[in-house]
Structure formats: C-alpha cells, structure tokens
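Remarks on the overall topology
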Amino acid sequence: MDSIEESGVAIGVDIGGTNLRAAVVDQSGKILAFTRTRSPIADPMQGHDLLVQAIRTVATQANVQLSQLQGVGLGIPGWLDRLSGRLAFAPKMAHWQQIFDLDRLQQELALPIYVESDPHVATLGELWVGAGRGSRHLIMITLGTGLGCGIVVDGKLYVGRHGMAGEFGHIIVNDDGAVLCDCGLTGCLETQAAGPAIAQQGRAAVESGTVTLIGDLVQGRADCITAATVFCAAERGDPVAQSIVNRAGELIGFGLATLVSLCEPEKIIVGGGMADVGDLILKPMQQAMARRCYLIARGYIAVEFVRAQLGDHAGVIGAARLAFSHES
Ligand SMILES: [Zn+2]
C-alpha cells in the first residue's frame, strides 16, 4: 500500500456505446487493473449503479481503497452541463442523459470526479503515454459511429469555453444537405463519412442493383450491411466498396486540412475502430489533407500522420490523467 500512496493512483472510466471500461492507473500511465462491462441499453436506469459498481470493482482488483485515489476521471459520450452535472448532449447514447448524475456520483463515492467528452480523454491518453508523447501541438481524431476530435495546444488539451471544442464530425465539408445529422443540421462531415454513412452508401449501392461484393457478403440482404461489410468488400478489391471508403477518407482529409490550417499541429493521430481498416481509408485521408491545406501543399510545414497506439485503453488512461492533472 505504501508504494501506491507514494506514487498515487486514479481511476479512469470510459463510457462507450457498447462497453463501459474502468481502470486503476498509476502516475506513470500504467494500468494496474482493468474491468469492462456492457453498457446498459435494455434498462438504462441501471446505468448509474453499473458505473459505481465498475469503479468499486476495479479498485478492489487493484487492492486500492477509494480513499487512496487521487480522484476519478470520466470520459462521457456527450457534453456535461457544468451547472446541473447532467449530460447536455449525447446524440449517440441518449439514454445516458437520463442516467448520468455527477452530483449523485460524487456523493456516493466521496471523491473528486472530473469529466470530459470521450474523444477528449482519448486524446489525453495518447498525449500522455501513446502516439502523442512529447508533442506540444497535435490533433487526434477518432473515427467510428461518430467523428470525434481532441486538440492539443502548447501541451494542453483545448476544450473551449464550455468543454465543447473539437466537434470535428459537425464541420461542413460538402454541403449536400441531404441527410439530417444527429445534431439537427445537415451537411455535417459525420453524415457523409462516419461508420453509419459508409453503411448507408453500401446499402444504397446494393438496393440500386449495382453489382458489388457488398451485396454478396450479406446474400443480397441490404438491411444487414454495416460499415464493416463495406470495409471487408473494399479489402477484397471490390471497386464499389473501395470508392465509398476512398470518398469517406477524402472527405475526412478535407476536414483535417481545415483543422491543420487553423491549428498548425505537428502531428495528427488517428484512432477509433475505422482506423483499423488501415491504408484503404488512411491514405486517401492523408493525401486529401496534404492536397487541400496550402501550408502542407506548398511545403511550409510537414505534419506527421500516425495511428493511435493505445487502442481501447486510450479512454481510461486519459480519464485517469484528468484526475492527476487536477491534483494539488
Ligand atoms: Zn452534425
């Protein structure tokens, strides 16, 4: 126990759509214990208890008393209303708006609790002990059901006035205006290049009778097509799927070109499930970014383009970092 008290530990929690992850993390960013449970969907009101349970379980696993912790950091799927302690906006996980109650959590655990959005904590994790280690200016994007972003300026996460900075998925790169975004507007990058958009474009191709491996992979049942189906067909060389993936990568690259023009980072880190597809999506992304940002195109700057390193652990490690960075 003495060593824990000397070095300090915190718990980081990452509340995701499928899984709720919690870890005890030491001050060097090492995970001492980790637990993962399924996020409550069928009975959302269990969510608060599950969250408390996950924190207590992982503390027990690491043989740490809650009173020994520096605090708890939470990565949440939306924005915290800092006055009410409730989630103000959680388009991908609306049920967490009913569940999440910071004041109740703080009272039950009797610990300081720090909260940021999930892309922000993932960025903190990568900055601390992952692909961003040693960088002063970087941008991390997370590609999946949504397109998240964290911006690091002069070594610090930039969260904006209310913690809402980095809404990468909702910048406009191509105002098609056809699809209504979760945010209530149209033309957002997310509606054209995130996972659900890629799945939708695959379904549209099959439904229109286009000959493509995408349809073969689901025996013609268009409603079974997911982004993973389109990626699988693209990996096997299907030109229709490759064109969809290529265009998504290109649009994300246009978004990155804007971010680079605004922030002039030294590095872009790409994380999230869609990054696992690799060069099929990363190459068009990087090329479009370099082509559409004159600072890069004219050779004034070079921006390193790297994959995230911490995978599913980025969120819990970054959330724990929140607690450490608030100490003293
Ligand atoms: Zn939007």
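**Some words on the domain arrangement of the protein chain**
What the domain assignment lists for the protein chain is domain 1 (2–127 + 312–325) and domain 2 (134–308). For domain 1 versus domain 2, the separation of C-alpha centres amounts to 27 Å. Taken together, the contact between domain 1 and domain 2 spans 17 residues of the former and 21 residues of the latter. Secondary structure elements with two or more residues in the side of domain 1 that touches domain 2: β5 (79–81), β7 (113–117) and α5 (118–129). Counting residues per element, the side of domain 1 that touches domain 2 draws most heavily on α5, which supplies eight residues. In terms of residue class, the side of domain 1 that touches domain 2 is built from eight nonpolar, four polar and five charged.

**With respect to the nonpolar core**
In terms of nonpolar packing, the biggest core is built from 102 residues, with Ile 11, Val 13, Val 230 and Ala 320 touching the most fellow members. Per-element accounting of this core gives the leading share, 12 residues, to helix α10 (residues 239–263). Counting only domains with at least three residues in this core, you end up with domain 1 (2–127 + 312–325) and domain 2 (134–308). For Ala 320, the contacting residues outside a window of four places in its chain are Ala 10, Ile 11, Gly 12, Ala 23, Val 25 and Gly 73.

**Here's the deal with the pairing of strand β4 (residues 69–76)**
Remark: a regular strand shows side chains that alternate across the two faces of the sheet. Burial within β4 is extensive, with eight of its eight residues counted as buried. Judged from the five bridges that link them, β4 and β7 form a sheet pairing that is parallel. Paired with Gly 75 across the bridge in β7 is Glu 116.

**Some words on α5**
Count 3.6 residues to each turn of an α-helix, and residues three or four apart come out pointing the same way. The end-to-end C-alpha distance of α5, which contains 12 residues, comes to 17 Å, matching closely the 16 Å that a straight helix rising 1.5 Å per residue would cover. Where burial is concerned, most of α5 is hidden: 12 out of the 12 residues are buried. Buried residues of α5: Asp 118, Pro 119, His 120, Val 121, Ala 122, Thr 123, Leu 124, Gly 125, Glu 126, Leu 127, Trp 128 and Val 129, and no others.

**Observations concerning the sheet that holds strand β10 (residues 156–158)**
One open sheet holds the five strands; their spatial order is β10-β9-β8-β11-β12, and the pairing between them is mixed. Only two strands of the sheet have a single partner each, and these edge strands are β10 and β12 (304–307). Looking at each pair of strands side by side, their axes are set apart by 25° on average, direction ignored. Examined bridge by bridge, strand β9 (residues 147–153) and β10 share three bridges and lie antiparallel to one another. When the sheet's bridge partners are listed, Ile 151 is paired in β10 with Tyr 158. The strands touched by α5 within the sheet are β8 (138–143), β9, β10 and β11 (267–271), with β9 carrying the most contacts at an inclination of about 50°.

**Quick look at the environment of Val 230**
Structurally, the position occupied by Val 230 is in helix α9 (residues 227–235). In this structure Val 230 comes out as buried when scored by C-beta crowding, with 30 C-beta atoms within 10 Å. Setting aside anything within four residues of it in sequence, one finds Val 230 in contact with Ile 198, Ala 199, Gly 202, Ile 214, Ile 225, Ala 241, Ile 244 and Val 245.

**Structural notes on the sheet that holds strand β2 (residues 19–26)**
Sheet architecture is open: five strands sit in the order β3-β2-β1-β4-β7, paired in mixed fashion. Looking at the sheet topology across the chains shown, the edges are occupied by β3 (31–38) and β7. Neighbouring strand axes in the sheet, compared pairwise and without regard to direction, differ in orientation by 15° on average. In this fold α5 packs onto β1 (9–15), β4 and β7, with an angle of close to 105° to the strand it touches most, β7.

Each value, and the rule that gives it
Residues numbered from 1 in each chain as written. Predicted model: local features only at pLDDT ≥ 70, side-chain atom pairs only at ≥ 80, totals over all residues. Domains from an automatic or database assignment. Contact = placed C-beta atoms within 7 Å. Helix = DSSP H or I, 4+ residues; strand = E, 2+ residues; numbered from the N terminus. Nonpolar A, V, L, I, M, F, W, Y, C, P; charged D, E, K, R; others polar. Core = buried A, V, L, I, M, F, W, Y, C linked by C-beta atoms within 7 Å. Buried ≥ 20, exposed ≤ 12 C-beta atoms within 10 Å, placed from the backbone. Pairing = 2+ DSSP bridges. Expected span 1.5 Å × (residues − 1). Axes fitted to C-alpha atoms, helices over the stretch in contact; angles between N-to-C directions.

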